[in-house]
Amino acid sequence: MAKFDIIAATGCPTGIAHTFMAKEALEKAAAERGLTIKVETHGQVGVENELTKSEIAGAKAVVVAADKDVQAERFAGKPMVSVGVSKALSVEAAGTLIDRALAAKGDSTVAAAADVEDEVEEKESIGHVIYKHLMNGVSHMLVFVVAGGVLTAVSFLWGITSFDSTASDYNSFAAMLKIIGGIAMNLMVPVLSAYIAESIGKRPALVPGFVAGMIAIQGLPVNAETGMIDAGGAGVGFGFLGGIVGGFLAGYVILLLEKVFAGLPKNLDGLKAIFLYPLFSTAIVGLVMLGISGPMAAINTAMMDFLKGLSASGAVVLGLAIGCMCAFDMGGPVNKAAYVTGTAMLTEALAAGVGTDTYNFGTNFMAAVSAACIVPPLITTFAVVVGKKYFSQEDHDAGVVNLILGCTHITEGAIPFMTKNIWPVMPIMMLGSSIASILTIMFNVHDPAPHGGFLVLPVVENGPLWVLAILIGAVVGGILFVAFKKYDFEKNQKAAPAAKPVEAPKAAAVEAPKAEAADFVKVENVFVAEDFASRDEALSFVSNQAVKAGIASDADAVMNAFLAREAEGTTGMMEGFAIPHAKSDAITEAAVIVVKDESGVTGWDTMDGAPVNVAIALLIPGAQAGTTHLKILSKVAEALMDEDFRATVKGSTDAAEIAKTINARLV
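Below you will find a few notes about this structure. (Residues numbered from 1 in each chain as written. Predicted model: local features only at pLDDT ≥ 70, side-chain atom pairs only at ≥ 80, totals over all residues. Heavy atoms only, no water.)

**Details of the overall build of the protein chain**
1) Next: The number of helices and strands found in the protein chain is 24 helices and ten strands.
2) Next: Sorting the 667 residues of the protein chain into buried and exposed places 51% on the buried side.
3) Next: Surface exposure of the protein chain reaches about 28700 Å², of which carbon and sulfur atoms provide 64%. (Helix = DSSP H or I, 4+ residues; strand = E, 2+ residues; numbered from the N terminus. Buried < 20%, exposed > 50% of the residue type's maximum accessible area, 1.4 Å probe, protein only. Areas by Shrake-Rupley, 256 points an atom, 1.4 Å probe, with all protein chains shown as cover.)

The following block contains the structure:
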């Protein structure tokens, strides 16, 4: 069985994009560090690349990047970092998580270094836990909404009253599709509630969770004649807000019952699971849910009235709110809040029936939400095609793929573009989405399907105008995005020559090392008999030597760059090696400085806790960050996986031999 240095689990509410983007970022970050990794994904199709017990046992550290339950209890006792999936979407962020996981060994030096960051995490942890439980319910609910909504929408192809056997456009097949779709849509709230509860209290919480969800649909039944509670009466449901409350209530009631029944004999565990938990939890949750049905129904009604009030304020106000929310984090919690609200309103719309005010408002709202979600990926497609020379080949390829993602209502494809330049790319995306939403509302577009993008165009009322609204938003956003990239490109072009005011022959050294540059590591920059009291003393020595060698102009700036990188995550590796790296405008040419300390530098966090004997320091000009930096770093990291390389560099006291050995791996 293969062993991995790092194991990870990723998962997002929809399980479509964030899950796999985080997986790719973690894999790339691990490769940069010369580490092996296996990433388990919790996507919409289920768990893929599942971790085995032996793989978990053999791993050095664990990274959990998920907004849903990924059974993290499996990793108990392992060094672990657990964050939301949005914090692992870039290679740099994923690398920081890996470094933190490897450093999470509980020794005093690591604890001291991580005090500030840990305090922040503790303050955020309650919110993240609640969000994770909520998103576990949302992720299970969405598939019911999509399936039910699309089937219901398709039934309208035969006519808006084709399900009604007394109508002239009646069609029996359409009626069956609407029945199936309606059943799936009606399961939305019970499933939401049940899987929020399951995330908290595991399987025993499913029963009270489903019951809470059903009560949220029907409310407290009252006899119209007597005004008394009556099982045969009718109640007022309180929608998905009630489902959320019921889910959390059910989950925490199970946790409470586990404590209450903890003193029972072990041989009654079976009785607890099949009798005590479901009986008591259902009774408690059911009574509480019926008791709060009145206030919850009032809150639900007030929320719907507020949204309708925004509509009454004009298409601009409502469309701006929808567009900004959908494009703010592109699939994150704010986006999901807008989307889930849209699906809830669509559910009410379909239940109210075609032609009603509720139907018209709900389907118009859903069309605006869908338009806002479709626009951001299309903005990137427009930009990489029109302004191709301002984008890298990787960005160009991603932008072209985003045409497909955007057209199918998958917003997350635009995330990599936004993370590179949050300002001004995020406002540009929000503006483009808002334009599309506003125009969709103004054009009176109605979308009875909650997902699918342009695939559901046949059932969208005023579909051509909807497409036009989306295209206008995408083009406006795309033009602004190209303008920004053009400005950024020209600014970098002007800054590049000024960044290194030295003679022409030396300028060639700024370029990334090429195959013929066999002396990239110069003998005079290899120091084999040093004695450092600490990591910072070693880095200070390297910074000063860089200035003496003409590699840098300011030792303090270089030292600060080294320390900034260490603050993001230790560069200490294994078996006595470290690969510190500094990226700074004070560095005038890319170079490597090697220092050796036979006695070992203590206080430098390493993956195996051993002191550092060899530091291979990378110095990179600021203009080359992300190019030369990554090329050299990846080659050094790869070399450190070679036992012969490590033995030669660590065992030799000959500066020329060490320089030659490293140069051979940089070509």
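Next comes the rest of the write-up.
**Focus: unusual backbone geometry**
1) Next: The step from Trp423 to Pro424 runs through a cis peptide bond, and the omega angle for that step is 10°.
2) Next: In this fold, Pro424 is placed in helix α17 (residues 422–442).
3) Next: Residues other than glycine seldom take positive phi values, yet Gln71 does so here, at roughly 55°.
4) Next: Among the secondary structure elements, Gln71 is positioned in the loop between β4 (61–66) and β5 (80–83).
5) Next: Of note in this structure, Asn462 is not a glycine but carries a positive phi near 65°.

**Here's the deal with the pattern of salt bridges**
For side chains of opposite charge, pairing can occur when their charged atoms come near one another.
1) Next: In this structure the tally under the stated criterion is 15 salt bridges.
2) Next: Close ionic contact of Arg33 with Asp99 constitutes a salt bridge, the shortest N to O distance being 2.8 Å. Taken together, the residues Arg33 in the loop between α1 (18–32) and β2 (37–43) and Asp99 in helix α3 (residues 91–103) connect sequence positions 66 residues apart. Here Arg33 matches Asp99 in class, with each residue buried.
3) Next: When the shortest N-O distance is used, the salt bridge between Lys486 and Glu490 registers 2.8 Å. Within this pair, Lys486 and its partner Glu490 are both found in helix α18 (residues 463–498), separated by four residues, close to a single helical turn.
4) Next: Among the charged side chains, a salt-bridge network with shared partners connects Glu32, Arg33, Asp99 and Arg565. (Salt bridge = Lys/Arg side-chain N within 4 Å of Asp/Glu carboxyl O.)

**Looking at the sheet that holds β4**
1) Next: If you trace the five strands from one edge of the open sheet to the other, you get β3-β2-β1-β4-β5, paired in mixed fashion. In the strand order of this sheet, the two ends are held by β3 (46–48) and β5, each with one partner. For this sheet, the mean inter-axis angle between neighbouring strands, taken without regard to orientation, is 10°.
2) Next: Where strand β1 (residues 6–11) meets β4, six bridges bridge the pair, whose relative direction is parallel. Counterpart to Ala9 in the pairing with β4 is Val64.
3) Next: α1 rests against β1, β2, β3 and β4 of the sheet, and its axis sits at about 175° to β2.
4) Next: Sheet strands touched by α3: β1, β2, β4 and β5. Its angle to β4, the strand with the most contacts, is close to 135°. (Pairing = 2+ DSSP bridges. Axes fitted to C-alpha atoms, helices over the stretch in contact; angles between N-to-C directions. Contact = heavy atoms within 4.5 Å.)

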